Amino acid sequence: MSMMGNNTPQKLEGATKQALEIGRTRLLMTGAIFLLAFTVIGARLADITVFQGGAEPKNHAAANPRNAWPTTRADIVDRNGSLLATSLVTASLYANPRQILDSRDAAQKLITVLPELSLAELQTKLTGNRSFTWIRRHLTPKQQYEVNRLGIPGVYFQRDERRVYPQGPLAAHVVGFTGVDNDGLAGIERSFDEVLKGGGRGLALSIDLRIQHVLRQEITAGMKRVNAIGGAGMVIDVHSGEMLGMVSLPDFDPHNPTSLDPKTLFNRNTLGVYEQGSMFKLFTAALALDSGAANMTSTFDASKPIKISRFTISDFQGKGRVLSLPEVLVYSSNIGAAKMALAAGSEVQKKYLGAFGLLRKPTLEIPEIGAPMVPAQWKEINTMTIGFGHGLAVSPLQMASGIVAIANGGVMRPITVLKRAAGEHPQGNRVISQRTATDMQKLMRLVVTDGSGKNANVPGYLVGGKTGTAEKVNEHGGYKRRAVLSSFVSAFPMTNPRYVVLVSIDEPQPIKENFGYITAGWVTTPVVGRIIPRIAPILGVSPVDDQAADVKARMYVNYTSAKGRPGASVE
Amino acid sequence: MIGRTTFLWLLLAALAGYGLFQVKYQVVSLEEELARLNAATLREQNQIHVLEAEWSYLNQPQRLEELNERFVHLKPINPVQFASIASIPMRPERLDIEPGARLPGTEGMIARMAPPRRPALPGTNPGQPRDAAPAPVYSAAAAPIAPNAIPKPPTISGGSILPVSVPR
């Protein structure tokens, strides 16, 4: 105690002084730390409230039309914005039978709004000791309103979503369909499932509904006329590679795709591979001209059938004489085409057909794509038969995209079913020279003016093309008698082709009006001849005078030079 | 003096409190209005969405075609119904013909599609200048022709095409 009474600092010594100094230092340190902490907090406070937008927090916002779109799956529209597939919010009706007071009365009331339900069944559903039973899925807004107005206790609505295809079967094979859980199962719905589920305001296809309608209507009529079992058609823009129309018949209702014949789901244009027949002669002529194996005045002796091992290659209504290269196409001579292919040789043929995309699986944005059937061994006989379109099966899509390359001046471009920006031309690979392409365009025009394509020669649109009638393969690997696929591939206007149209009719039957013929020249060309004048005004192709001198000059081919003159015939 | 200061502070506090509650109620009512408007927007959007689907359904080409057949009877445009501006001859300044007579140079227009003087081919310019078309020259001086003497080409309804020909 005596020490404590004497507490002047000067007099403090030893342990006491030391303790006090420690205390001071600690106090100072603590003070400094607190000062630092408060400075940091203060600075952060100033930062948040003054520098980083010190406004009131935004707790509320207006409904954003894009974020708050009522449905979860995006729309699919055509190139002009018409809806092809959309999701609608619907209400599904369910009941809690435990809360239903009078099941008989409730059932009777519900029947007045939903007359398609059975009274007895409904009444059983509404009785019983359960807490949930569906009454009906996907009510229309009107039905929902009326059920609401009945005011039955124990009956509730569940928010539901339903995929709707306002155009029905019109573009069914392109758009595809979804299952009960709104998952894409076919077509664009399947290949773009993730994109569509990501929401947004829709995916635009290259399809034009008007062209799609014309194709579907005319092919349906053409099929009906000859009692065919199926048909297919495509319209492609040769410069952008956009598919403007793609129809495969018979088709299906995407709202109910599984109810009907599963054959209807089959997309003939992309999944089906067929021997394309005489249309292939265009590729044979193109590769022979481009490789230099032949020129426009070359001749081929088609006077007698070719016998090779156990096969005989003969002509349908042959001329029995030497034919010039244009004549081989005009008269669609198998013998001439076989010899032309032979003149080019197997390697050249393989190289060009590969470049035309005919030997591997093509690409398109829908999942239903078939791979071509290419012979394992490419012998001389294969070269000859492939020269006129037999022994190599490709899809109509491949056939058409090869012709697109001939029509646009020789460049293979990827075909798409999605809309491209106006004027956007994808990078392509040149397969044949511009000169060969121009010659081929003249030859295609010649087939329509002078050959088997006459029925497609609509005035004003300078149609060019090539027919093909291929015998179908039966189950045993042989050819079916009188069962053919009659196709016509065309482009227009031939002075500067802009669009390719390919139409196939499957298993046409002989009719009196066609004098019993089932060949493409009788069955398919008239269909194309009705399609082109209907779609050309939509596509903005203005008609020209086919008889005008300069048009004739541009399309002129001196093709009868071989008549009666064996000349430099191959063989 | 102390009482007055206190009173002033109390008054300010009361005013601030009143202001605060005013703002608070205003905010609550605005929030309610916003929620109501948002709900209405979504409802409208949903309705628009349904209407768009219905519009597309009602515009099925097949249905439009049937309606056309029932009510308006439009036909696809025939190639001979097209003509280019360049193919129409210039109106002559002076004519040497009897009133009511057929105007020279119009026969082709009515009988058949007048072939374009230079067809619209790629590489060429379809919209060639008008003075490139040789204007008909009529020698003798005569009174200007009465307007009603010029035979009018038959008109056909619809479209922006030039009615220079009758549908076949």
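Computed from a predicted model, the values in this text were never measured in an experiment. (Residues numbered from 1 in each chain as written. Chains lettered and ligands numbered in written order. Predicted model: local features only at pLDDT ≥ 70, side-chain atom pairs only at ≥ 80, totals over all residues. Heavy atoms only, no water.)

A. Region of interest: the overall build of chain B. Of regular secondary structure, chain B possesses three helices and zero strands. Of the regular secondary structure in chain B, the N- to C-terminal order runs α-α-α. Taking all 168 residues of chain B together, 20% fall into the buried category. When contacts within chain B are restricted to residue pairs at least 6 apart in sequence, those whose partners lie at least 24 apart make up 70%. Of the roughly 12,700 Å² that chain B leaves accessible, carbon and sulfur atoms contribute 63%. (Helix = DSSP H or I, 4+ residues; strand = E, 2+ residues; numbered from the N terminus. Buried < 20%, exposed > 50% of the residue type's maximum accessible area, 1.4 Å probe, protein only. Contact = heavy atoms within 4.5 Å. Areas by Shrake-Rupley, 256 points an atom, 1.4 Å probe, with all protein chains shown as cover.)

B. Highlighting the overall build of chain A. A tally of helices and strands in chain A yields 19 helices and 21 strands. Sorting the 571 residues of chain A into buried and exposed places 53% on the buried side. Intrachain contacts of chain A at a sequence separation of at least 6 include 70% that bridge at least 24 residues. Surface accessibility of chain A: about 26,800 Å² in total, with carbon and sulfur atoms responsible for 55%.

C. Representation of the environment of aspartate 102 of chain A. Looking at the secondary structure, you find aspartate 102 of chain A in the loop between strand S2 (83-95) and helix H3 (103-113). For the pair aspartate 102 of chain A and leucine 126 of chain A, spaced 24 residues apart in sequence, the C-alpha to C-alpha distance is 8.8 Å.

D. Representation of the nonpolar core. Residue and element names in this part refer to chain A. Ranked by internal contacts, the top residues of the largest apolar core, which has 97 residues, are Ile188 and Phe356. In terms of residues, this core owes the most to one element, helix H15 (residues 396-407), which gives eight residues. Three or more residues apiece are contributed to this core by two domains, here domain 1 (76-96 + 127-204) and domain 2 (212-570). Not counting residues up to four positions away in its chain, the partners in contact with phenylalanine 356 are Phe283, Ala286, Gly402, Ala405, Ile406, Met412, Val431 and Ile432. The next biggest cluster of nonpolar side chains, apart from the first, holds 33 residues, and it includes Met223, Val501, Val528 and Val541. (Core = buried A, V, L, I, M, F, W, Y, C linked by side-chain atoms within 4.5 Å. Domains from an automatic or database assignment.)

E. View of a nonpolar patch on the surface. On the surface, Phe7, Leu8, Trp9, Leu11, Leu12 and Leu15 of chain B cluster together to form a nonpolar patch covering roughly 680 Å² of accessible area. Among the structural elements, leucine 12 of chain B can be located in helix H1 (residues 2-58). (Patch = residues over 30% accessible without salt bridge, like charges linked within 9 Å, V, L, I, M, F, W, Y side chains within 5 Å. Salt bridge = Lys/Arg side-chain N within 4 Å of Asp/Glu carboxyl O.)

F. Geometry of the confidence of the model for chain B. Residue and element names in this part refer to chain B. Per-residue pLDDT for chain B averages 69, and the proportion of residues at 70 or more is 55%. Averaged over each element, pLDDT in chain B is lowest for helix H3 (residues 107-111) (46) and highest for helix H2 (residues 61-72) (92). Across residues 108-168, confidence stays below pLDDT 50; counting only partners more than four residues off in sequence or on other chains, it has 87 contacts. (pLDDT = per-residue confidence, 0-100.)

G. Seen up close, the confidence of the model for chain A. Residues and elements named next belong to chain A. Looking at chain A, the pLDDT average stands at 87 and 91% of residues meet or exceed 70. Between residues 1-5, whose pLDDT stays under 50, and residues either more than four places distant or in other chains, the model counts zero contacts. Within the model, pLDDT remains below 50 along residues 562-571, and this stretch shows 21 contacts once partners closer than five positions in the same chain are excluded.

H. Inspection of the pattern of salt bridges at higher detail. All names here are of chain A. A complete count under the given rule lists 20 salt bridges over all chains for this structure. When the shortest N-O distance is used, the salt bridge between arginine 73 and aspartate 193 registers 2.7 Å. One end of the pair, arginine 73, is in the loop between helix H2 (14-51) and strand S1 (76-77); the other, aspartate 193, is in helix H8 (residues 193-197), and 120 residues separate them in sequence. The exposure class assigned to arginine 73 is buried, which follows from its relative accessible area of 2%. Here arginine 445 ties to aspartate 546 by a salt bridge, and the two come within 4.0 Å at their closest N and O atoms. Remark: aspartate 546 occurs in the loop between helix H18 (525-539) and helix H19 (549-554) and arginine 445 occurs in helix H16 (residues 434-450); sequence separation between them is 101 residues. You can call arginine 445 buried: its relative accessible area is 6%. Shared partners join several salt bridges into a network, and the residues in it are Arg73, Arg163, Asp183, Glu189, Asp193 and Lys197.

I. Here's a closer look at the environment of glycine 292 of chain A. Here glycine 292 of chain A lies in the loop between helix H10 (281-291) and strand S11 (299-301). Note: C-alpha distance between glycine 292 of chain A and threonine 436 of chain A (144 residues apart in sequence) is 9.9 Å.

J. Spatial organisation of the side chain of aspartate 208 of chain A. All names here are of chain A. Looking at the element boundaries, aspartate 208 is found in the loop between strand S7 (203-204) and helix H9 (209-225). At a separation of 3.4 Å, a polar atom in the side chain of aspartate 208 contacts the side chain of asparagine 80. Not counting residues within four places of it along the chain, the set of residues in contact with aspartate 208 comprises Asp78, Arg79, Asn80, Leu244 and Ile538. (Polar contact = N/O pair within 3.5 Å; in protein donor to acceptor, adjacent residues only side chain to side chain.)

K. Focus on helix H12 (residues 334-344) of chain A. All names here are of chain A. The buried fraction of H12 amounts to nine of the 11 residues, a majority that puts the element mostly inside the structure. Inspection of H12 places Asn334, Ile335, Gly336, Ala337, Ala338, Lys339, Met340, Ala341 and Ala344 among the buried residues, and these make up the whole buried set. Residue serine 333 occupies the N-cap position of H12, its side-chain oxygen lying 3.4 Å from the main-chain nitrogen of isoleucine 335. Once H12 ends, the next one or two residues include glycine 345, with phi positive near 95°.

L. Representation of the packing of H3 of chain A against helix H5 (residues 141-150) of chain A. Residue and element names in this part refer to chain A. Close contact between H3 and H5 brings their axes to 9 Å; oriented N to C, the two are set at 150°. In terms of their interaxial angle, H3 and H5 are classed as roughly antiparallel. Seen along the crossing, H3 lies across H5 with a hand that is right-handed. Here H3 contributes Lys109, Leu110, Thr112 and Val113 to the contact with H5, which in turn contributes Gln143, Glu146, Val147 and Leu150. Tallied by class, residues from the contact of H3 with H5 come to four nonpolar, two polar and two charged. (Axes fitted to C-alpha atoms, helices over the stretch in contact; angles between N-to-C directions. Parallel < 35°, antiparallel > 145°, perpendicular 65-115°, else oblique. Left-handed = near helix turned anticlockwise from the far one by under 90°. Nonpolar A, V, L, I, M, F, W, Y, C, P; charged D, E, K, R; others polar.)

M. Layout of the environment of asparagine 182 of chain A. Residues and elements named next belong to chain A. Within the element layout of this structure, asparagine 182 appears in the loop between strand S5 (177-178) and strand S6 (184-186). Residue asparagine 182 is classed as buried on the basis of its relative accessible area, which comes to 15%. Put simply, asparagine 182 and lysine 197 are 15 residues apart on the chain and 9.1 Å apart in space, counted from C-alpha to C-alpha. Not counting chain neighbours up to four residues away, the residues in contact with asparagine 182 comprise Arg73, Glu161, Arg162, Arg163 and Lys197.

N. How the structure looks around the packing of aromatic side chains. Residue and element names in this part refer to chain A. In this structure the tally under the stated criterion is 12 aromatic pairs over all chains. Relative to tryptophan 134, the ring of phenylalanine 132 has its centre 5.2 Å away and its plane inclined at 80°; by these criteria the two rings are edge-to-face. Judged by its relative accessible area of 30%, tryptophan 134 is partly exposed. One aromatic cluster in this structure is built from Tyr94, Phe132, Trp134 and Tyr156. Above the face of the tryptophan 134 ring, arginine 137 is positioned so that its terminal group lies 4.6 Å from the ring centre. Over the aromatic face of tyrosine 331 sits the side chain of lysine 319, whose NZ or CZ is 4.5 Å from the ring centroid. (Phe/Tyr/Trp six-rings, centres within 6.5 Å; stacked < 30°, edge-to-face > 60°. Lys NZ or Arg CZ within 6 Å of the ring centre and 35° of its normal.)

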